[in-house]
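Remarks on the overall topology
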Amino acid sequence: MIDHISIRDFAIIDNVEVDFSDGLSIITGETGSGKSILVTAISLALGSRADSSYVRSGKDKALVQLSATLEGADGLEEIVISREVSSAGKNLCKLNGRIVTLTELAEKCKEIADIHGQYDNQSLLDPETHLGLLDEFHKEKIRPLLDSYELCYKDYLEKKRVLDQLLSMEEDSIKKADFYRFEINEIEKASPVLGEDEELEARLGILQNGEKIFDSANSAYQSLQGERGAYSSLGTTVDSLEHICEYSPTIQNILEETRDIYYRLEDISSSLRDLVESMTYDPDEIDTIINRLSVLDNLKKKYSGNSGSIQGVISYRDKIKKELDQIENFDQEKSRLEKEFLESKEKLLSLGSNLTKERQRGADILRKEILNQLKDLSFQDADLKISFTPLETPSPSGLETAEILITVNVGEPLKPLSKTSSGGEISRIMLAIKSITADYDKVPTLIFDEIDQGISGKTAAIVGKKLLEISKSHQVICITHLPQIAALSDNSYRIFKESDESKTYTHIEKLKEESKVLEIARLLGGETITDTAIENAKELMKR
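These numbers come from a predicted model, not from an experiment.

Further remarks concern the overall build of the chain. Of regular secondary structure, the chain possesses 16 helices and 15 strands. Over its C-alpha trace the chain gives a radius of gyration of 45 Å, far above what one expects of a compact globule, namely 24 Å for 543 residues. Structurally, the chain occupies a C-alpha span of about 145 × 65 × 55 Å along its principal axes. Looking at the chain as a whole, 43% of its 543 residues qualify as buried. Across the chain, contacts joining residues at least 24 apart in sequence account for 67% of those joining residues at least 6 apart. In the form shown here, the chain has an accessible surface area of approximately 29,800 Å², with 49% of it arising from carbon and sulfur atoms. Positive and negative side-chain charges of the chain, numbering 68 and 98 respectively, have mean locations separated by a distance of 8 Å.

And the structure:
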């Protein structure tokens, strides 16, 4: 709800601060005192268009600040809005201290309040809200159908996306197929094997350094196996220790360690011998290895991506094989996806049709209830229709849009709500609709201006009662000159103006009980407040 508004140098308002509460707040005042200026300022704060004429004469800028509290999923959210309009026509919007565009501000303010009167920030004037209004009104019947439709719509969108993606590939498929076949053939002709390049590089290193490796390996072998080599000497050591090992555990341990070294030297000696005997110099093998490594390097550069490995080449081959398989089976895949998409669409259209029929039934019920409310509010000749317009393609919310059309005069054609003639008529029409939809309306604050235009007596009392009923679930702020409405308020405010020798000033005060009685008495009897008017005022205030 709206908690506070501060207005400075706006039209004839010099400096006004107003705190608002929940329930029904009524604002009264003499004609020309500035009642509608207050609502205009609130409308400005909530995102309506700015005009340099709003700036008070002799001032550089007008400033309107509004604070509100919204109840969300995460708890209460504090909102602070600031609108600054300069005499030069510049406009500054801030939301919680952050500069925003007017569009951003207006979008956020849709969650705060609806102003009903001669203003543009009314959610019901936007036809895009009418379908949701109907769905909420008739939700017990519509919600299950809409849930099924929305679930099917997601499936429909996904199948459409997959099919569109496939069709977008169709033109490139033939070119890709030929290119993929060339690449696969090149890779498979080379038949790369994991780890092959590493083994070849190791073998090439041996072959290219064969003479050096042979000399060093043979020398090492001779050092072990020569007449005085390490192997022979260690064998003598083992024989010597075997003759004395029985005399000491320590000698036995030394013998075992020496034998272990002896056997290990024997293995090393055998390996060196095999290496020496295998050493050959084959120029053809070197050339073969170099050529093979060249082929593998070429494959890695072309197909391994950032990995630079044979694994990368093999992974790429497997990937394009899969894509080639899809391309070669394109027609079959296309037929399958088209069939799935059409089945999903048919199901969606069927669900959408059922949803439309239920909406039409709900629209008939809502129409009758609104018309009953309108008759209570002295629109005896009113007629109303919820018009459905089929969409060319299914939307997330159904197969149609909806708009409330209305006429309040005999012989006049049905027209959109936004084209209803006067602010007072719009306010009462909105009141009629809100009287029905208040329980599920998500906008917490409703502001009514000119709602009493052209009514009196019984109709005024009905308007007051409807406002009071709505205020049980909403914050309602209403400007009126009718005592029947003012008497029902939870919170009363009076706007008045004063003048000095040079300027006029508008003020607003919250009325206590005694002052409220006097103000209602004034509304009943004019400037001269009689005892009878006071008694009548007290009688009106008895709910």
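There's more to say after this.
Turning our attention to the packing of helix α15 (residues 513–525) against helix α16 (residues 531–540). With their axes 8 Å apart at the nearest point, α15 and α16 run at an angle of 110° to one another. Here α16 runs roughly perpendicular to α15, going by the angle between their axes. Judged by the twist between their axes, the crossing of α15 over α16 is right-handed. On α16, the residues touching Val 517, Leu 518, Ile 520, Ala 521 and Leu 524 of α15 are Ala 533, Ile 534, Asn 536, Ala 537, Lys 538 and Leu 540. Of the residues belonging to the contact of α15 with α16, the class tally is nine nonpolar, one polar and one charged.

Positive phi outside glycine occurs at Ala 11, with the angle close to 55°. The residue Asn 96 is not glycine, and still its phi comes out positive at about 55°. Looking at where Asn 96 falls in the secondary structure, it is placed in the loop between β6 (91–95) and β7 (98–99). Residue classification places Asn 96 among the partly exposed positions, given a relative accessible area of 43%.

Reading across the sheet, the six strands line up as β8-β12-β13-β3-β14-β15 and stay open at both edges, with mixed pairing between neighbours. On the outer flanks of this sheet lie β8 (113–116) and β15 (504–510), each paired with one strand and no other. The mean inter-strand angle of the sheet, taken between neighbouring strand axes irrespective of direction, is 15°. Relative to strand β13 (residues 475–479), strand β3 (residues 24–29) runs parallel, the two being bridged by four bridges. By the bridge assignment for β13, Leu 24 is matched with Val 476. Its contacts with the sheet put helix α13 (residues 457–470) on β3, β12 (445–448) and β13, and the angle it makes with β13 is roughly 150°.

All right, on to the sheet that holds strand β1 (residues 2–10) then. Pairing within the open sheet is antiparallel, and its six strands lie in the order β2-β1-β4-β5-β6-β7. A strand with exactly one partner marks an edge of an open sheet, and here the two such strands are β2 (13–19) and β7. The pairing of β6 with β7 spans two bridges and is antiparallel. Within the sheet, the bridge partner assigned to Lys 94 lies in β7 and is Ile 99. Running over the sheet, helix α1 (residues 35–45) touches β1, β2, β4 (61–72) and β5 (75–86) and is turned about 110° from β1.

Now for the pattern of salt bridges. Any two side chains of opposite charge can pair, so long as their charged atoms come close to each other. One pass over the full model with this rule turns up 32 salt bridges. Residue Arg 359 pairs with Asp 135 through a salt bridge whose shortest N-O separation is 2.8 Å. Within this pair, whereas Arg 359 is found in helix α11 (residues 330–376), its partner Asp 135 is found in helix α3 (residues 130–137), the two being separated by 224 residues in sequence. Judged on exposure class, the residue Arg 359 and its partner Asp 135 are both buried. The partner of Asp 155 in a salt bridge is Lys 159, and the shortest N-O contact between them spans 2.7 Å. Separated by four residues within a single helix, Asp 155 and Lys 159 lie in helix α4 (residues 139–190), roughly one turn from each other. By relative accessible area, Asp 155 is classed as partly exposed at 31%. One network of salt bridges, in which partners are shared, links Glu 77, Lys 108 and Glu 111.

Calculation notes
Residues numbered from 1 in each chain as written. Predicted model: local features only at pLDDT ≥ 70, side-chain atom pairs only at ≥ 80, totals over all residues. Heavy atoms only, no water. Helix = DSSP H or I, 4+ residues; strand = E, 2+ residues; numbered from the N terminus. Rg over C-alpha atoms; globule rule 2.2 N^0.38 Å. Buried < 20%, exposed > 50% of the residue type's maximum accessible area, 1.4 Å probe, protein only. Contact = heavy atoms within 4.5 Å. Areas by Shrake-Rupley, 256 points an atom, 1.4 Å probe, with all protein chains shown as cover. Lys, Arg positive; Asp, Glu negative; His and termini not counted. Charge placed at Lys NZ, Arg CZ, Asp CG, Glu CD. Axes fitted to C-alpha atoms, helices over the stretch in contact; angles between N-to-C directions. Parallel < 35°, antiparallel > 145°, perpendicular 65-115°, else oblique. Left-handed = near helix turned anticlockwise from the far one by under 90°. Nonpolar A, V, L, I, M, F, W, Y, C, P; charged D, E, K, R; others polar. Pairing = 2+ DSSP bridges. Salt bridge = Lys/Arg side-chain N within 4 Å of Asp/Glu carboxyl O.

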